[in-house]
Structures are given as C-alpha cells and as structure tokens.
Amino acid sequence: MHHKGKLKILYVSAEVSPFAKTGGLADVAGSLPKALAAGGNDVRVVMPGYKAIKSPMKYVVDFPVKMGDNVKTCIIRETEASLPFYFVDSYDYFDRDGIYCHFDDAERFAFFCNSVLEMLPKINFQPDIIHCNDWHTGPICMLIKERYNNISFYSGISSVYTIHNLEYQGNFPREVTSLFNVGGEVFIPDKVEYYGMFNFMKAGIVYADIINTVSSSYAKEIQTPQYGEGLDGLLRKRGKDLYGIVNGISYEDFNPSTDKRIYKNYDIKSLEAKKENKYALQEEMGLPAGDMPVIGLVSRLSGQKGLDLIIERIDDIMKHDLQFILLGTGDPYYESIFTGIKNRYPEKMSAFIGFNAVLAQKIYAGCDMFLMPSRFEPCGLGQIISLRYGTIPIVRSTGGLAETIIDYDEDRENGNGFSFTEFSPDELYITIERALSLYNRKPEEWKMLVERALTRDFSWNRSAEKYMELYYIAIEKKLV
Ligand code: ADP
C-alpha cells in the first residue's frame, strides 16, 4: 500500500499550457503536474493532439478504439519535457483548427476519454490516480467504474475530478451514451442523465472517488442554487467528498525578473523598470505615454467576467485621468461593445480583441491595476498573475477572488488589492475610485502595496501538497 509514499499519477486535461490554451485550465494543467513531479511522483500528462500544436513529438503507439458500433484509430504521440506529455490523436477528431465548439464535440471528447483508458496498458503505465479536469474528461470517472471495473489492470486506479468551471458541463443527446460502450443503465438521473441529456460533467461528479474545485469558497458556493448551475443538489449529496484547493501559478513561467515576453525585466528592487514597461505598453497600444494610472483587463469575454458592470459605468470611469487597456476574446457582443468604447475614447482606452499570450504578459507587467469584477470565479489566475507582476487587482469578492484578494481599505496590514461584494455597477465604480485615490494621493503607500504584491507567495508549493493529500484520501477510499 502507498501510505503517503510516492504516487503514479495520470493528469488528463483538454488544454495544457504551452501546447493549447483558452483559459486558466491550461495554466493549471501546465504547472501543477510539474510541481507534483518535483515532489518525486511519477506524473504523466495526456491531452488531445490538436492540429495547432507545433512542438516536436515522437510516435509512441497506435491502436483501435471502440466507439459504439464503429472502430476508430488512436495514435499516441509523446513529447519529453520535464515529464512525459502524451497526445491522443486520430484521423477524425483533432486534425482541424480550434480546440472546442465543433459540431461533434461529444464524439471528439468521448473518443479522448475512451482512448486515455485504452492507452494505459499500451504505454505500460498503471497509475494509482487518474486526475480528470472539467467536462471533457468527466466520463473517464464513469468508465473506470462501469466498464473497466472488472479488469485487473484498472482495478487499483482511483479517480480525482477537478471542477475548474461548473458553467460548462457538456450536455449532449442521449445517443452519446453508446459511444462509451457502457450499458444504457447509466442514463438515469442518479447517474449521467440531466434533463434528458448526457451530462459529461455530471459523469465526473457522480463517479469520481474524490471531487474538488479550485478554491474553498467556490466549493461552498457551488452547493447553493445561485452558483450550482443546476448541479447543486448533486454537489450537496457528494459534499463530504468535495474539497477546495486554490490554484498556484508557475513561478518560472510567470516571473517579472526573467520573463522574455515583457519589455524590461524588473523585481522589487528595480521598480523603475516596471514603469518602463508601462510607457512601452502605452506606446504599443497607441495611447499617450504618461504617469496616469493604467488599468488592465485580460480575460475571456464571457458573461461570467462581470464586464457588464464596467460597461454600465464606463462614461463615469472615463471621466478620471486614467487609461484602460483590454485584451480579450469570446462573446461577439462584448467584443463589439469594447471596440465601440475604444473608438469613443481613443486617447484613454485600447482594446485588442484576440488571444495573445505575449501581449497578456506585457499588460500584467505594464499596468498599475488589474480589473476582474467577476460574477463568479472558481479560482481566477488573472489576479494572481498580476500580483506576481506587482499590479494591484480590483476584484469582486467571489470564489477564488475572495480567497486571494484582501481589500486594502478594510485591512491595511494584509490588504493586497481592492474588492467589493455586491454585484453592482455602483460598487465597482466606488472600488475603482478607492484604488485611484490611493494611487493619486498616496504614492508611497501605493508603492508599499506593489512591494507587498511582489513578495506574496502564490506558487504551487502549498497547493501541490494539498493535492497529494487528496490523492491519498482517494486511495484510502478505494481500499475500504
Ligand atoms: P478562466 O480560466 O475563466 O479563463 P483565469 O483567470 O483562471 O480565467 O485564467 C485566464 C488565463 O488565460 C490567464 O492566464 C490569462 O492571462 C489568460 N487569458 C485570458 N484571455 C486571454 C487572451 N485574450 N490572450 C491571452 N491570454 C489570455
């Protein structure tokens, strides 16, 4: 038995940085496994082999995968970095542009789930833990229990399922069930059925040995109807197996003193260089250079992110001497509204619509404040990355934002940002004003706040330990 020894862990994710990324899931999948491997565990990561991935890979093995009445070929490739990354490829599902939002996503990710389990004996890796993430991988937890349970190779595997965002659940017509080659019995409300649909996320929550989400606050919130996205009843039912662990970030990938993506490196002793990043950013974004406060926003543009609050009060915000720099892509509604605002305030606002990892870092480094007024936020990495770059977050206190950001006016000793609770445009506006006021009137205090941000530790150290504890709990559970 592995009592608190080293473990063999398979980490499964639909996106992994630097190979493919749309949001925070990729950052976590690109960094947590490394932290676990640094602790001496045998960790391997597997993701789909999207066409856009350009890293050199070597062929490992191919094999047939049953998909209902069809058989498809799965090709496993590998790239050796600090640990093995496997890519599940096929002729049918991943050799096309984009990551999500194809008409056959159900089939694509069903294939991915089936392939991940079929791959294990072929690559001769028998993990103690399969760690699944978000809806794309939920059915793996079901397959372990419903299809592979009697096969000895698999019988010792425990599953941990992490919810990074409960909003995206992967609901598909019931016919999807047959792609997994499990009996139709799983299609009931106690298992994977959700209002007549097959719900991928529910398959993870129902069947995983242990479930967690990416902050303790969000773990509590999702057990209420307000944040539960229709699954709060099930989450309450599994409440004793539901944990919260706040995400860390990679302190190597995100490091202002070595980051090659920013204009000029800096640290706590060379804060003048942070200012050079500001001027260079202003110039690149077509704004007049100056010392007025610059507020940044880097985000998926979706209803979750509280952008409506900004839009509602934008004319008042723009009355202040400040600049606002936005980088984001997503909902065309928000894309066009922010483009419109930029056109109205060309001297004060700059909006780059698109995904751009290099520009994102320049914004984290070059801005004074970072705006994240989310409606809900499971963990949020934007506020953590900005702290790492000495940029002060202005956030709505929800989920992981509530757990990581302490309001400076409420707690001068520990405050590291500005926050508000009620989801209202007025609250947002007042909070921005509080931040501006400190910046403009008390530069010495502002500098102290920046230095405090730069000395906070949000690396994986602590949270990776907590994941190890979860893995041990999952293993114990299986033994009893
Ligand atoms: P979510 O996972 O909900 O998208 P997080 O705050 O957890 O939100 O993580 C977002 C991650 O994606 C951060 O690393 C952020 O810098 C990055 N990101 C979001 N939008 C963009 C964009 N348009 N261009 C580059 N990076 C982006």
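Our subject is the structure that appears above.
Parameters at a glance
- Residues numbered from 1 in each chain as written.
- Predicted model: local features only at pLDDT ≥ 70, side-chain atom pairs only at ≥ 80, totals over all residues.
- Heavy atoms only, no water.
- Helix = DSSP H or I, 4+ residues; strand = E, 2+ residues; numbered from the N terminus.
- Polar contact = N/O pair within 3.5 Å; in protein donor to acceptor, adjacent residues only side chain to side chain.
- Near = heavy atom within 4 Å.
- Areas by Shrake-Rupley, 256 points an atom, 1.4 Å probe, with all protein chains shown as cover.
- Domains from an automatic or database assignment.
- Buried < 20%, exposed > 50% of the residue type's maximum accessible area, 1.4 Å probe, protein only.
- Pairing = 2+ DSSP bridges.
- Right-handed = clockwise from strand over helix to strand, strands pointing away.
- 1 Å grid on protein atoms, 1.4 Å probe; cavity = no way out; pocket = protein on both sides within 12 Å on 5 of 7 lines; lining within 4 Å.
- Points joined across faces, edges and corners; volume = space filled by probe spheres on them.
- Nonpolar A, V, L, I, M, F, W, Y, C, P; charged D, E, K, R; others polar.
- Axes fitted to C-alpha atoms, helices over the stretch in contact; angles between N-to-C directions.
- Contact = heavy atoms within 4.5 Å.

1. Things to note about the environment of R147
In step 1: Inspection of the secondary structure puts R147 in the loop between helix 3 (134-146) and helix 4 (152-155).
In step 2: Separated by 36 residues in the primary sequence, R147 and G183 place their C-alpha atoms 8.8 Å from one another.
In step 3: Polar contacts involving the side chain of R147 include one to the side chain of N114, which spans 3.4 Å.

2. What about the site of the ligand?
In step 1: Near the ligand, the surroundings consist of 22 residues, among which G24, D27, R300, G354 and Y364 are the closest.
In step 2: The separation between an oxygen atom of the ligand and a polar side-chain atom of R300 is 2.7 Å.
In step 3: At a separation of 3.2 Å, an oxygen atom of the ligand approaches a polar backbone atom of G382.
In step 4: In isolation the ligand has 570 Å² of accessible area, and contact with the protein removes 93% of it.
In step 5: Each of two domains, domain 1 (8-248 + 461-479) and domain 2 (272-457), supplies a minimum of three residues to the shell around the ligand.

3. So, the pairing of strand 2 (residues 42-48)
In step 1: Summarising burial for strand 2: six of the seven residues are buried, a large majority.
In step 2: By the bridge criterion, five bridges tie strand 1 (residues 8-12) to strand 2 in an arrangement that is parallel. Paired with L10 across the two strands is R44, which belongs to strand 2.
In step 3: Handedness of the β-α-β unit built from strand 1, helix 1 (residues 24-38) and strand 2 comes out right-handed.
In step 4: When strand 2 meets strand 5 (residues 84-89), the two strands line up parallel, connected through four bridges. Of the residues in strand 5, the one forming a bridge with V46 is Y86.

4. Observations concerning empty space enclosed by the protein
Any empty space left between atoms is shown by rolling a water-sized probe over those atoms.
In step 1: Counted under the stated rule, the structure contains one cavity of 30 Å³ or more.
In step 2: Estimated volume of the largest cavity: approximately 50 Å³.
In step 3: In this structure, the largest cavity is lined by I295, I310, I314, I317, L322, F324, L371 and I432.
In step 4: Residue composition of the lining of the largest cavity, grouped by class: eight nonpolar, no polar and no charged.

5. Considering the pairing of strand 5
In step 1: Most of strand 5 is tucked away, with six of its six residues classed as buried.
In step 2: Across the two faces of strand 5 the burial is the same, with P84, Y86 and V88 and F85, F87 and D89 all buried.
In step 3: Pairing of strand 4 (residues 70-80) with strand 5 involves six bridges; the strand directions are antiparallel. Its bridge partner being in strand 5, I75 is matched across the sheet by D89.
In step 4: A loop of three residues connects strand 4 with strand 5, the two strands running antiparallel in sequence.

6. Comments concerning unusual backbone geometry
Trans is the common state for peptide bonds, and a negative phi is the common state for residues other than glycine.
In step 1: Here the amide bond leading from S17 into P18 is cis, since omega sits at 10 degrees, within 30 degrees of zero.
In step 2: Mapped onto the elements, P18 comes out in the loop between strand 1 and helix 1.
In step 3: Residue E229 is not a glycine yet carries a positive backbone phi of 50 degrees.
In step 4: With respect to the helices, strands and loops of the structure, E229 is situated in the loop between helix 6 (216-221) and helix 7 (232-237).
In step 5: A relative accessible area of 31% places E229 in the partly exposed class.

7. Here we look at the sheet that holds strand 16 (residues 369-372)
In step 1: Taken in spatial order, the six strands line up as 15-14-13-16-17-18 in an open sheet, and their pairing is parallel. Of all strands in the sheet, those bounded by a partner on one side alone are strand 15 (349-353) and strand 18 (418-420). Across the sheet, the mean angle from the axis of one strand to that of its neighbour is 15 degrees, orientation sign disregarded.
In step 2: Bridging between strand 13 (residues 294-301) and strand 16 involves two bridges; their strand directions are parallel. Across the sheet, residue I295 finds its bridge partner in strand 16, namely M369.
In step 3: The strands touched by helix 12 (residues 357-366) within the sheet are strand 13, strand 14 (323-330), strand 15 and strand 16, with strand 13 carrying the most contacts at an inclination of about 145 degrees.
In step 4: Lying on the sheet, helix 15 (residues 425-441) is in contact with strand 13, strand 16, strand 17 (392-396) and strand 18; it crosses strand 18 at an angle near 165 degrees.

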